[in-house]
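Each chain, written out:
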Amino acid sequence: MLVVRAINAADLGALYDLASQVGTGMTTLKPDMKMLGARLEIACASFDETIALAQRDYMFVMEDTSSGRLAGVCAIKGAVGLDEPFYNYRIGTLVHSSRELGVFTQMETLYLSNDLTGSTELCSLFLHPDYRIGTNGKLLSKSRFLFIAQFPHLFTEKLIAEMRGYQTADGSSPFYEGLGRHFFKMDFDIVDDLTSLGKKAFIAELMPRQPLYVAYLPKAAQEVIGKVHLSTAPARRLLEQEGLHFEGYVDIFDAGPVLQARVCELRALRDSTLAKIAVAAGTELMCEVSADAALSLPEPYLISNTVLNDFRVIVSPARPDGGKITLAQDEQQTLRCSAGESVRTVSLNLRRNP
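Residues numbered from 1 in each chain as written. Predicted model: local features only at pLDDT ≥ 70, side-chain atom pairs only at ≥ 80, totals over all residues. Heavy atoms only, no water.

**Q** Can you lay out the environment of Gly-134 for me, pointing to particular residues and giving the numbers?
**A** Looking at the element boundaries, Gly-134 is found in the loop between β6 (120–127) and α3 (136–150). Here Gly-134 falls in the exposed class, since its relative accessible area comes to 72%. Separated by 140 residues in the primary sequence, Gly-134 and Leu-274 place their C-alpha atoms 26 Å from one another. (Helix = DSSP H or I, 4+ residues; strand = E, 2+ residues; numbered from the N terminus. Buried < 20%, exposed > 50% of the residue type's maximum accessible area, 1.4 Å probe, protein only.)

**Q** If you had to explain the packing of aromatic side chains to someone new, which residues and values would you point to?
**A** One pass over the structure, following the stated rule, counts 16 aromatic pairs. Ring centres of Tyr-89 and Phe-175 lie 6.3 Å apart, and the angle between their planes is 75°; this geometry places the pair in the edge-to-face category. Of this pair, Tyr-89 sits in strand β4 (residues 88–98) while Phe-175 sits in helix α4 (residues 174–184), and the two are 86 residues apart along the sequence. Relative accessible area serves as the criterion here: at 1%, Tyr-89 is assigned to the buried category. Residue Phe-175 is classed as buried on the basis of its relative accessible area of 0%. Considering the side-chain rings of Tyr-176 and Phe-184, the 6.4 Å spacing of their centres and the 5° angle between planes classify their relative orientation as stacked. Each member of the pair, Tyr-176 as well as Phe-184, is classed as buried. Aromatic ring contacts, followed pair by pair, group Phe-47, Tyr-58, Phe-60, Phe-147, Phe-151, Phe-155 and Phe-311 into a single cluster. Of note, Arg-90 hangs over the ring of Tyr-111, and the distance from its end group to the ring centre comes to 4.9 Å. The lysine or arginine in question, Lys-227, covers the ring of Tyr-166, its NZ or CZ lying 4.4 Å from the ring centre. (Phe/Tyr/Trp six-rings, centres within 6.5 Å; stacked < 30°, edge-to-face > 60°. Lys NZ or Arg CZ within 6 Å of the ring centre and 35° of its normal.)

**Q** Any details on the packing of α3 against helix α8 (residues 233–241)? Residues and values, ideally.
**A** Between α3 and α8, whose axes approach to 10 Å, the crossing angle comes to 40°. Here α3 lies oblique to α8, going by the angle between them. As α3 packs across α8, the resulting crossing turns out to be right-handed. Mapping the contact onto sequence places Gly-137, Lys-138, Ser-141, Lys-142, Arg-144 and Phe-145 in α3 and Leu-238, Leu-239 and Gln-241 in α8. Considering only residue class, the contact of α3 with α8 consists of 3 nonpolar, 3 polar and 3 charged. (Axes fitted to C-alpha atoms, helices over the stretch in contact; angles between N-to-C directions. Parallel < 35°, antiparallel > 145°, perpendicular 65-115°, else oblique. Left-handed = near helix turned anticlockwise from the far one by under 90°. Contact = heavy atoms within 4.5 Å. Nonpolar A, V, L, I, M, F, W, Y, C, P; charged D, E, K, R; others polar.)

**Q** Got a sec to walk through the pattern of salt bridges? Specific residues and values, please.
**A** Going through the model one piece at a time under the given rule, you end up with 17 salt bridges. As a salt-bridge pair, Arg-181 and Glu-177 come within 2.6 Å of each other at their nearest N and O atoms. In this pair, Arg-181 and Glu-177 are both assigned in helix α4, 4 residues apart and thus about one turn of the helix distant. By relative accessible area, which is 27% here, Arg-181 ends up partly exposed. A residue is classified by how much of its surface remains accessible, and Glu-177, at 32% relative accessible area, is partly exposed. Residues Arg-267 and Glu-242 are paired through a salt bridge, measuring 3.1 Å at the closest nitrogen-oxygen approach. In this pair, Arg-267 sits in helix α9 (residues 267–271) while Glu-242 sits in the loop between α8 and β9 (245–250), placing the two residues 25 residues apart along the sequence. (Salt bridge = Lys/Arg side-chain N within 4 Å of Asp/Glu carboxyl O.)

**Q** Give me the lowdown on the nonpolar core, citing residues and values where you can.
**A** In this structure, Phe-60, Leu-122, Phe-147 and Leu-244 are the most contacted members of the largest nonpolar core, which totals 59 residues. With 7 residues, α3 is the single largest residue contributor to this core. Residues Tyr-166, Phe-175, Phe-184 and Ala-221 belong to the second largest nonpolar core, which totals 23 residues. (Core = buried A, V, L, I, M, F, W, Y, C linked by side-chain atoms within 4.5 Å.)

**Q** Got a sec to walk through helix α2 (residues 33–47)? Specific residues and values, please.
**A** Look at α2: 21 Å from first C-alpha to last across 15 residues, which is about the 21 Å you get at 1.5 Å a residue. Between the side-chain oxygen at the start of α2 and the backbone nitrogen of Lys-34 there is a gap of 3.1 Å, and the oxygen is on Asp-32. (Expected span 1.5 Å × (residues − 1). Polar contact = N/O pair within 3.5 Å; in protein donor to acceptor, adjacent residues only side chain to side chain.)

**Q** So what's going on with the pairing of strand β5 (residues 103–113)? Which residues, and what values?
**A** In the sheet, β4 pairs with β5 via 11 bridges, with the strands oriented antiparallel. Across the sheet, residue His-96 finds its bridge partner in β5, namely Thr-105. Hairpin connection between β4 and β5: a loop of 4 residues separates the two successive antiparallel strands, and Gly-102 in this loop has a positive phi of roughly 70°. (Pairing = 2+ DSSP bridges.)

**Q** Run through the environment of Leu-217, naming residues and quoting values.
**A** If you trace the backbone, Leu-217 turns up in the loop between β8 (212–213) and α7 (219–223). Sequence spacing of Leu-217 and Asp-17 is 200 residues, and the spatial spacing of their C-alpha atoms is 38 Å. Those residues within four positions of Leu-217 in sequence are excluded, and the remaining contacts are Leu-110, Phe-175, Gly-178, Leu-179, Gln-222 and Ile-225.

**Q** Got a sec to walk through the confidence of the model for the protein chain? Specific residues and values, please.
**A** Chain-level statistics for the protein chain give a pLDDT mean of 89 and a share of 90% at 70 or above. Note on residues 281–296: pLDDT under 50 across the span, and 14 contacts to partners over four residues away in sequence or across chains. (pLDDT = per-residue confidence, 0-100.)

**Q** Give a description of α4 that names residues and reports values.
**A** Residues of α4 that are buried include every one of Pro-174, Phe-175, Tyr-176, Gly-178, Leu-179, Gly-180 and Phe-184, and no others. In the stretch just after α4, Lys-185 is the one whose phi turns positive, near 55°.

See below:
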């Protein structure tokens, strides 16, 4: 069985192994033991509620309970840009017109912006290639929304997610090569590493503050503005299903889109419900339903416990009925809850009106 759970101090080595698989473009998950150790320490303090809300960084790992192997990682940062600058490009429009000549033009522009400072951020989503099957990606990504639905008071009004921008087969970024390299005079990987280490002062020092005309960029750079990395496209679709959308902000290095939403409008806050675990005669039958069988049922559910410092989420064929839900014994053990206790549930897949 797969479970997404709150990270703990014993996960550092396995977290490093996952980070080593990521590659370039994800600044929040680098294979640096010192950086990961510091981040894990903050994550544990976040779940223990011993640091301020804005400093919290809730990290979750997907564990294969049959082997103890970590299959993925994801996170929610309480607020971005309060301790260090948080930059994006905002896509805008400048109008040039001459009534005398009868000329009217609209020019797309990029503005260096700190508009999203203070927002809660979804980040660090990575699923090991061995587990990229079935609904595993959905479980990993959408588990965070159940956490937000259970503890909405921990987060700001706006939620954002920076998506990894488009890269060519050799790992280069057409947008960076067409714009950033002219100002930073270094390779994309080096800039990416500096940003991941929190060294962002050079952005303000070297990037122009004036609007940049998109039409002046090479065609290859123009075409990838707001476009995601090929491996990131499924993750974008999942976030859009949960209520996030693109509003014209992109990453300053690879031009990946920044999705955003109001927390109160997320599907999980709107549709998730609390249900009590029931003691029912059919429990033995439910115990015989395997994880593989659960995935073949028409509407699996995400089910989480309600404990902040030991938060856990699974996918199950069980579904709430009249405020109660019947869970198999192994599901209860995985969630670390028992009959009479409450769990939060929401359908794994987006329900569409006929």
